[in-house]
Amino acid sequence: MAKTFSDLDTPCFLVDLDKVKQNAQRMLDTCARLNLQLRAHTKTHKTLCLALVEKLDKFHVMVSGPDGLATLKAHTENLPAGKKWSIVLEVDCGYGRTGFAVWGQEVIDAALVITKSASLELEAIYCHCGDLYSVRSKQLREAQQKRNAASLCGLQEKLKKFGVSCKFGTGSTPTCSLPIEFNRNLSEFHPGAYIFYDYEQYLLNACKESDIACRVMTRVVAHKPELNMIIVDCGFTAISHDGMAQRLPDADFCLIQGEANLKMIGMSQELGKIVAKEGDLDCSQYPIGTILFIFPYHTCAAAAMHKEYFVHCADTVVTTWTPVRGW
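Residues numbered from 1 in each chain as written. Predicted model: local features only at pLDDT ≥ 70, side-chain atom pairs only at ≥ 80, totals over all residues. Heavy atoms only, no water.

A. Molecular detail of the pairing of strand 14 (residues 272–276). Of all five residues in strand 14, four are buried, a share of seventy percent or more. Alignment of strand 11 (residues 229–232) against strand 14, held across four bridges, turns out to be antiparallel. When the sheet's bridge partners are listed, Ile-231 is paired in strand 14 with Lys-273. Of the pairings in the sheet, the one linking strand 13 (residues 262–267) to strand 14 comprises five bridges and is antiparallel in character. Note on strand 14: the bridge partner recorded for Gly-266 is Lys-273. Following strand 13, the chain reverses through four residues before pairing antiparallel with strand 14. (Buried < 20%, exposed > 50% of the residue type's maximum accessible area, 1.4 Å probe, protein only. Helix = DSSP H or I, 4+ residues; strand = E, 2+ residues; numbered from the N terminus. Pairing = 2+ DSSP bridges.)

B. Main features of the packing of helix 4 (residues 105–115) against helix 5 (residues 138–160). Look at helix 4 against helix 5: their axes get within 11 Å of each other, and the N-to-C directions meet at 50°. Classified by the angle between their axes, helix 4 and helix 5 sit oblique to one another. Judged by the sense of rotation from one axis to the other, the crossing of helix 4 with helix 5 is right-handed. The residues of helix 5 that touch helix 4, namely those facing Val-107, Ile-108 and Ala-111, are Leu-155, Lys-158 and Leu-159. Taken together, the residues of the contact of helix 4 with helix 5 break down into five nonpolar, no polar and one charged. (Axes fitted to C-alpha atoms, helices over the stretch in contact; angles between N-to-C directions. Parallel < 35°, antiparallel > 145°, perpendicular 65-115°, else oblique. Left-handed = near helix turned anticlockwise from the far one by under 90°. Contact = heavy atoms within 4.5 Å. Nonpolar A, V, L, I, M, F, W, Y, C, P; charged D, E, K, R; others polar.)

In structure tokens, the structure reads:
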């Protein structure tokens, strides 16, 4: 199986196995320090819940509103003998995406319906702290973390008055990578992107550049000297559009490893346009076939573009991973 990078077709998605292991261990250590359970999040595909319930000892279904709970209640007769719907209630602490309002009565009513049912079981209550992605300063980040965790703790105390007890968890890689001590009051962390990290996490100070475990490998396929530009075979179908609207034209939306003066300024489906940040680009310094490595802005989106990951240790490809694709 051993291959070098030069043996691979481009564009392709590379995964540094040693960095993956280091990132995984660091999050395990963080959770152990805070006395939290790690419930790692992976973005795969939507599945048939009943089929998995039959195969697994316990399969948790996340419910973000009354309609979802009503749907599960309507299908209790389909459950295998001795099985229950194990439910995680998602709450919204102010991010405004999905979930029961953490301060509202509906989430309390839902928890009571679950605990009083013979076919439903309350596993946990969860909040996705996606609002941390828009916060750059340490002071604001820590304040937002405390507000979110305090909101969850407030709900926990309300439910205790009704005799309802379960795990409480929060997620988002910036939250879990840069946690405050107040998170000890919760039960679980639910990070996802920490396994690979990416340029966005680097900008959020959730990781160092050296922690980013995924790259898109590309080759120079054309020169445009009249535009001081080189063209690579990495378009939006290899790295996604994520980051472009947020960062261009004034800042980088991805990092070209080891090339501090290069900047990708645009993409078509299959091609990327790269120029110099300062001065004219000397195309002769990047002959046709030159390999470049790009740290994507959003690892989840970039990974979804590829049907195969090339996993390497140092410069040797040791295996491939085939992700589950689709929804």
